[in-house]
Amino acid sequence: MAELFRMPAVAADAATAVLSAWQVAEGASFTKDDALVSIETDKAEVDVSAERDGVLLKTLYEAGVEIEVGDPIAVLGATGEQTGDLDALLAELGVGVAAPGEARQAVRRDVPEEPVAERPAAPGSPASSAVPSAGEPDRGGRVFSSPLARRLAREAGLDIEVLTGTGPGGRIVRRDVEAAVAARPAPATQPPAAPAPPVAATVPQATAPAGTGDHEDIPHSRMRRAIARRLTESKQHTPHFYLRATCAVDELLALRQRINAVSPVKISVNDLLIKAVATAHTQVPEMNAVWQPDAVRRFRTVDVSVAIATDTGLVTPVLRGIENLSVSAIATRTRAYAEQARSGGLRPTDLEGGSITVSNLGMYGVEEFTAIINPPQAAILAIGAAHDEAVVRDGAVTAAKVLGVVLSVDHRPVDGAVAARWLAAFTETVENPVRLVV
């Protein structure tokens, strides 16, 4: 039996999400746990899987539209089910019931092409009225539009109330605003039509802001905006302080070599350092905390975020309960998260929690850097590259492999002395790495 597939609440605090891509074509069958659609939230792009076998009868939105959580986005049916009268089916499911005559247009992705073409054809209207003349709908009440459509209209200087919506129930969506913006240039080219040479000269000037030969403007993704907002808020509202340390890692590197000689899972230096973070958290539990408005929340398990770079931005999935995990188990989970992050397979729950993040730029040859705390966590450990350095041991100067780390700490839940004890415990564990495997 056909049923509506609604925009899921993929993040606890998200009212809307962007439909990035359909993973199943209309009319195609799918099985349980197959990816149906990719959804972009503030934190990541995730795939939403099917809960049972079935067929995708109809998609109600195209890719790129921001949709409110809970709104219907597709019609699903049982395996082998066929769509009969689509209008009747949609009406039965409650889609477009408020305007039965427009129900088909409201959900069909291909229908808006004809109305859009008619918009600029309003008789003799100037540029400023080209968009309002597109029917000037009499809605007689509230204008329904997606948040993304409202933002795009505001940025383009359009009045959202005069646009004609082609989304479900006449809702104004992204494609309506884009069509209205595309309709405006036609009248604008009429004034310079008489003097031919000036027209040719003004064309490059008119198109220059959209893109010139010396630069390219790349629109912000939802994730990039979220990263910018959260880290700016962190620097503005979180009182950071920083502690630096240098760790001798000769024994750590030797231990890694011995482990990899027998382990079926390849262990990285970062895997060992993550385990060292868990050990330090166990020894100094006061660091395993976050600031809350009414209290300092201290955790009973050690959950550590790992910074992973992707083509769309930085994500920080959380390794949970790692105080009880072996180094090989940490390595396995970290690699699984890295693959999911780059393929869009992370779930919002994978990105929530933790009290500290590990960020490692050592593979790029960076010897030291400071990182911004990922709120609401209390700290982030920035790890640089291991390098040779002259050190004094037993009164003699010798060469050693050392690694620099910088600990950024939120001063609200953690005092300086606590952070100093934690960093000392971390350094001691790294320099005596046998503790990581016992």
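Note that the structure is predicted; figures quoted are calculated from it, not measured. (Residues numbered from 1 in each chain as written. Predicted model: local features only at pLDDT ≥ 70, side-chain atom pairs only at ≥ 80, totals over all residues. Heavy atoms only, no water.)

Asks: Would you take a moment to explain the overall build of the protein chain for this structure?
Replies: Across its full length, the protein chain holds 12 helices and 18 strands. Counted over contacts in the protein chain with a minimum sequence separation of 6, partners at least 24 positions apart contribute 64%. Total accessible area computed for the protein chain in this model is approximately 22,300 Å², and 52% of it derives from carbon and sulfur atoms. (Helix = DSSP H or I, 4+ residues; strand = E, 2+ residues; numbered from the N terminus. Contact = heavy atoms within 4.5 Å. Areas by Shrake-Rupley, 256 points an atom, 1.4 Å probe, with all protein chains shown as cover.)

Asks: In this structure, what is going on with unusual backbone geometry? I would like to understand it.
Replies: Residues other than glycine predominantly adopt negative phi, and peptide bonds predominantly adopt the trans conformation. Following P375, the chain continues to P376 via a peptide bond in cis, the omega torsion being 5 degrees. Along the chain, the position of P376 falls in the loop between β16 (356-360) and β17 (379-393). Unlike most non-glycine residues, D33 shows phi in positive territory, near 80 degrees. Tracing the chain through its elements places D33 in the loop between β3 (29-30) and β4 (35-40). The exposure class assigned to D33 is exposed, which follows from its relative accessible area of 54%. For D394, which is not a glycine, the phi torsion comes out positive at approximately 55 degrees. As for its placement among the helices and strands, D394 is situated in the loop between β17 and β18 (396-410). (Buried < 20%, exposed > 50% of the residue type's maximum accessible area, 1.4 Å probe, protein only.)

Asks: Sorry if this is basic, but what is going on with the sheet that holds β18 here?
Replies: The sheet built from six strands is open, its strands ordered β9-β18-β17-β16-β12-β15 with mixed pairing. Sheet topology places β9 (240-248) and β15 (318-319) at the edges, where each strand pairs with a single neighbour. (Pairing = 2+ DSSP bridges.)

Asks: Could you clarify how one ought to interpret the pairing of β18 in this entry?
Replies: Looking down a regular strand, the side chains alternate between one sheet face and the other. Bridge count for β9 against β18 is nine bridges, and the pairing is antiparallel. Note on β18: the bridge partner recorded for L243 is L407. Linking two consecutive strands that pair antiparallel, namely β17 and β18, is a turn of two residues; a positive phi of about 55 degrees is found at D394 within it.

Asks: Hey, could you run me through the side chain of D350 in this one?
Replies: In this fold, D350 is placed in the loop between α11 (327-343) and β16. Since its relative accessible area comes to 5%, D350 is described here as buried.

Asks: Just checking my understanding: could you explain the sheet that holds β3 for this structure?
Replies: Across the sheet, four strands lie side by side as β1-β8-β6-β3; this open sheet has antiparallel pairing. The outermost strands of the open sheet, each flanked by one partner alone, are β1 (3-6) and β3. Direction of pairing for β1 relative to strand β8 (residues 72-77): antiparallel, over a ladder of four bridges. Note that in β8 the partner of L4 across the bridge is V75.

Asks: Would you take a moment to explain the packing of helix α10 (residues 269-283) against α11 for this structure?
Replies: A pair of packed helices is captured by two measures, namely the crossing angle of their axes and the spacing between those axes. Look at α10 against α11: their axes get within 9 Å of each other, and the N-to-C directions meet at 115 degrees. Here α10 lies roughly perpendicular to α11, going by the angle between them. α10 and α11 meet at a crossing whose hand is right-handed. On α11, the residues touching D271, L272, I274 and K275 of α10 are V327, I330, A331, T334 and R335. Of the residues belonging to the contact of α10 with α11, the class tally is five nonpolar, one polar and three charged. (Axes fitted to C-alpha atoms, helices over the stretch in contact; angles between N-to-C directions. Parallel < 35°, antiparallel > 145°, perpendicular 65-115°, else oblique. Left-handed = near helix turned anticlockwise from the far one by under 90°. Nonpolar A, V, L, I, M, F, W, Y, C, P; charged D, E, K, R; others polar.)

Asks: Please clarify how helix α8 (residues 222-237) should be interpreted in this entry.
Replies: Residues spaced three or four apart along an α-helix point in a common direction, a consequence of the helix completing one turn every 3.6 residues. End to end, α8 covers 22 Å across 16 residues, agreeing with the expected 22 Å (1.5 Å per residue, within 8%). Within the span of α8, buried status applies to R222, M223, A226, I227 and S234. One side of α8 carries all its buried residues, which in axial view fall inside an arc of 130 degrees. Buried positions along α8 lie against β2 (16-22), β4, β5 (45-49), β7 (65-68), β9 and β14 (313-315). (Expected span 1.5 Å × (residues − 1). Arc of directions from axis to C-beta.)

Asks: Is there a simple way to think about helix α1 (residues 86-93) in this case?
Replies: For α1, the full list of buried residues reads L86, L89 and L90. The buried residues of α1 occupy an angular sector of 95 degrees when projected down its axis, which confines them to one face. Where α1 ends, the next residue or the one after it, G94, has phi of about 90 degrees, a positive value.

Asks: Would you mind going over the side chain of D410 with me for this structure?
Replies: Relative to the helices and strands, D410 is located in strand β18. Each residue touching D410, except ones within four places of it in the same chain, is listed here: T238, P239, F241, W291, I373, Q377 and A378.

Asks: I'm lost on a nonpolar patch on the surface in this one. Help?
Replies: Among the surface-exposed residues, L361, M363 and Y364 lie close enough to one another that they form a single nonpolar patch of about 350 Å² accessible area. Tracing the backbone shows L361 in the loop between β16 and β17. Of the residues examined, L361 reaches a relative accessible area of 30% and is grouped as partly exposed. (Patch = residues over 30% accessible without salt bridge, like charges linked within 9 Å, V, L, I, M, F, W, Y side chains within 5 Å. Salt bridge = Lys/Arg side-chain N within 4 Å of Asp/Glu carboxyl O.)

Asks: What am I meant to see in the nonpolar core here?
Replies: Where a protein is soluble and globular, its nonpolar side chains tend to be buried together. The biggest cluster of nonpolar side chains holds 54 residues, and the ones touching the most others in it are M287, I322, V405, L407, W422 and F426. Among residues more than four places away in sequence, those in contact with M287 are H281, S355, A379, L407, V414, V418, A419 and W422. (Core = buried A, V, L, I, M, F, W, Y, C linked by side-chain atoms within 4.5 Å.)

Asks: So what exactly am I meant to see when it comes to the environment of R333 here?
Replies: Positionally, R333 belongs in helix α11. Looking at R333, the relative accessible area reads 39%, which means it is partly exposed. When the C-alpha atoms of R333 and D271 are compared, they prove to be 9.9 Å apart, with 62 residues separating the residues in sequence.

Asks: Can you walk me through the pattern of salt bridges in this structure?
Replies: Pairs can form between side chains of opposite charge whenever their charged atoms are close. Summed over the entire model, instances satisfying the criterion amount to 10 salt bridges. The shortest N-O distance in the salt bridge between R393 and D250 comes to 3.3 Å. A residue pair is termed long-range when its members are at least 10 positions apart, and R393 in strand β17 and D250 in helix α9 (residues 250-262) qualify at 143 residues. One salt bridge in this structure joins R347 and D350, with 3.1 Å as the shortest N-O distance.

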